[in-house]
Amino acid sequence: MSTIEAVDVDVGESVSLHQRILSDISERILSGAWAPGHRIPFEHELTAEYKCSRMTVNKALSQLAKAGLIERRRRSGSFVRRPQSQAAVLEIHDIRIEVEALGLPYRYERVARHKRRSTTEDRALLELASAGPVLALECQHFAGKRPFAHEQRLINLAAVAEAADEEFHAIAPGPWLIARVPWSAAEHRIRAVAADRHIAAALDIGPGAPCLVVERRTWSAEHPVTHVRFTYAAESHALVARFTPSQG
């Protein structure tokens, strides 16, 4: 009888410790005390801290990983996971919506603005037949306190003359254009790149870290309107396409 009672106490303590570990780690992550990328104490450290079995710790970490709060890397340990957003490949979306879908506050910042005569590279990106005025913008989008996406955009001022007078301090160029210029066609190009120093600093990641680049061109009545390049840290962004079988 005493043996059965001892087993019952151990099981009860194990469940209690399991919930306590879950609660403690979840609270530190959700409160921001442990930021994305923060290393969770190793299993043997948690075992010593909570005075429990390694199996109890492993079960708690596995549940946190399944919930998407942490990621477990073989031989490296467990780390607070960066929230991952999803964007539809075939849509022209507002980054604000992506960020708010993560439950995080959105913030936008215009970094640079230059009005100039188009260069050879500008004309290639916009598919312009001849030189003309363009507006070059560099912008940052934030999710909470962290950089979410870096934006580099060209606007063809021959097609959108009013953009020449817009400073883009209070509103990002994407929603501004959607509200003013009806687009008739768009093209997306998606590729993976390694972050150069400029992008690494902008996204607060290491130089050479993998990034996802989404480039888009839009036209209005066959006139090129804009070319934009969004760069995301690869670990925090995914692209989704939903489609149906072609008809006929």
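Structure: above.
Calculation criteria
- Residues numbered from 1 in each chain as written.
- Predicted model: local features only at pLDDT ≥ 70, side-chain atom pairs only at ≥ 80, totals over all residues.
- Heavy atoms only, no water.
- Axes fitted to C-alpha atoms, helices over the stretch in contact; angles between N-to-C directions.
- Helix = DSSP H or I, 4+ residues; strand = E, 2+ residues; numbered from the N terminus.
- Left-handed = near helix turned anticlockwise from the far one by under 90°.
- Contact = heavy atoms within 4.5 Å.
- Nonpolar A, V, L, I, M, F, W, Y, C, P; charged D, E, K, R; others polar.
- Salt bridge = Lys/Arg side-chain N within 4 Å of Asp/Glu carboxyl O.
- Buried < 20%, exposed > 50% of the residue type's maximum accessible area, 1.4 Å probe, protein only.
- Pairing = 2+ DSSP bridges.

A word on the packing of helix α2 (residues 43–50) against helix α3 (residues 54–66). Put simply, α2 and α3 touch, their axes get as near as 9 Å, and they point 115 degrees apart. For the crossing formed where α2 meets α3, the hand is right-handed. Contacts from E43, H44, L46 and T47 in α2 reach R54, V57, N58 and L61 in α3. Taken together, the residues that form the contact of α2 with α3 break down as 3 nonpolar, 3 polar and 2 charged.

Per the stated rule, a full pass over the model turns up 16 salt bridges. A salt bridge links E151 to R153; the shortest N-O distance between them is 2.7 Å. Both residues of the pair, E151 and R153, count as buried. Counted as one network, the salt bridges with shared partners bring together E127, E187, R189 and R217.

Moving on, we get to the sheet that holds strand β1 (residues 39–40). Through backbone hydrogen bonds, the strands of a sheet pair up, either in parallel or in antiparallel fashion. Here we have 3 strands laid out as an open sheet, ordered β1-β3-β2, and antiparallel in their pairing. Of all the strands in the sheet, the pair left with one neighbour each is β1 and β2 (70–73). Both β1 and strand β3 (residues 77–80) contribute to a ladder of 2 bridges, which runs antiparallel. Following the sheet pairing, R39 is matched in β3 by F79. Strands in contact with α3 are β1, β2 and β3; relative to β2, the strand with the most contacts, it is inclined by about 120 degrees.

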